[in-house]
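Commentary on secondary and tertiary structure
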Amino acid sequence: SVLAYLRGTRAGYWMSVGLFAMALTGKSMPVTLPLVLLVLDVYPLRRLGPFAEGGPSVGGWWNPSARRIYLEKAPFLVLSAAATIMAVLARIEFGSLAEVNEVGWGARLAASVYALAFPLWKMVIPVGLSPLYDLRAALGRGPWPFVMAGTAVAGLTALAVARARRWPAFA
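The text that follows walks through the structure, step by step, so that each part is easy to find. Here the structure is a predicted model, which means the values were calculated and not measured.

Cut-offs and rules
Position numbers for residues start from 1 in each chain and track the written sequence from start to end. The predicted nature of this model means local features are confined to residues of pLDDT at least 70 and side-chain atom pairs, given and counted, to a pLDDT of 80 or more, with totals for whole chains, interfaces and linings taken over all residues. By convention in this description, side-chain values take in all heavy atoms of the structure and omit both hydrogens and water. Axis definition: a line fitted to C-alpha atoms, limited for helices to the stretch in contact. Angles are taken between N-to-C directions and run from 0 to 180 degrees. Secondary structure elements follow DSSP: runs of H or I no shorter than four residues count as helices, runs of E no shorter than two count as strands, and numbering proceeds from the N terminus. Should an angle fall under 35 degrees it is called roughly parallel, over 145 degrees roughly antiparallel, and 65 to 115 degrees roughly perpendicular, with every other angle called oblique. Pairs of residues are marked as contacts when any of their non-hydrogen atoms sit within 4.5 Å. Buried residues of nine kinds, namely Ala, Val, Leu, Ile, Met, Phe, Trp, Tyr and Cys, make up a nonpolar core once their side-chain atoms join them within 4.5 Å. Throughout this description, buried means an accessible area under 20% of the type-specific maximum (1.4 Å probe, protein chains only), exposed means over 50%, and partly exposed covers the range between. Side-chain classes follow a simple rule in which Ala, Val, Leu, Ile, Met, Phe, Trp, Tyr, Cys and Pro form the nonpolar group, Asp, Glu, Lys and Arg form the charged group, and the remainder, Gly included, forms the polar group.

Overview of the packing of helix α6 (residues 105–124) against helix α8 (residues 144–162)
Viewed as axis vectors pointing N to C, α6 and α8 meet at an angle of 70 degrees, and their least axial separation amounts to 8 Å. Comparing the axis directions of α6 and α8 gives the class roughly perpendicular. Contacts from Ala110, Ala111, Val113, Tyr114, Leu116, Ala117 and Leu120 of α6 reach α8 at Pro145, Phe146, Ala149, Gly150, Val153 and Leu156.

Laid out in structure tokens, this is it:
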């Protein structure tokens, strides 16, 4: 979807929307794509923000050109909203939506860090894949997966900050 969007053509745009819709049928993780596309519009595409190509009169956050860029994200946002609602309803039906008093804030913070590293791990070693991962099952494995995930997230963040000038796309 991102590659089709980067083509910058009308056909590429609609192909991106279609591929995004297909991605949402497999997992709810792609719901963040509209935000990713906005970030890409700022850098490296420079279509949005103060450093947009064409100078300050063309660039910006709220001018007509920027509003057109926001409007083109509408199909992505509608699909994201629908997928989010369906994912929450599925978790309610499955019984995996945990209450805050059932799982404390510390465990939720650990699970959030784990959730940042987990997709990267599954991408590198795609075994034991499932369309739905239960938070309680992850918490039942003990602290080590969370410690390793925190270490990986901290390391990748440090690398991104240290190399921001040399590798701006990674940052």
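Looking at the nonpolar core
If you look at the biggest cluster of nonpolar residues, it comprises 10 residues: Tyr5, Tyr13, Val17, Phe20, Leu24, Leu33, Leu37, Leu40, Phe76 and Ala83. For this core, the secondary-structure elements that each account for two or more residues are α2 (10–26), α3 (33–42) and α5 (74–94). Here the element with the most residues in this core is α2; it accounts for four residues. With residues up to four places along the chain from it excluded, the contact list for leucine 33 reads Ser1, Val2, Phe20 and Phe76. Core analysis: the next-biggest nonpolar cluster, separate from the first, contains seven residues, Ala111, Ala117, Phe118 and Phe146 among them.

Looking at the packing of α2 against α5
Geometry of a packed helix pair, given as the angle between the helix axes and the separation of the axes. The N-to-C vectors of α2 and α5 enclose an angle of 5 degrees; their axes lie 10 Å apart at closest approach. Considered as vectors, α2 and α5 are oriented roughly parallel to each other. Along its contact with α2, which presents Tyr13, Trp14, Ser16, Val17, Phe20, Ala21 and Leu24, the element α5 presents Pro75, Phe76, Leu79, Ser80 and Ala83. Partitioned by chemical class, the residues of the contact of α2 with α5 number 10 nonpolar, two polar and no charged.

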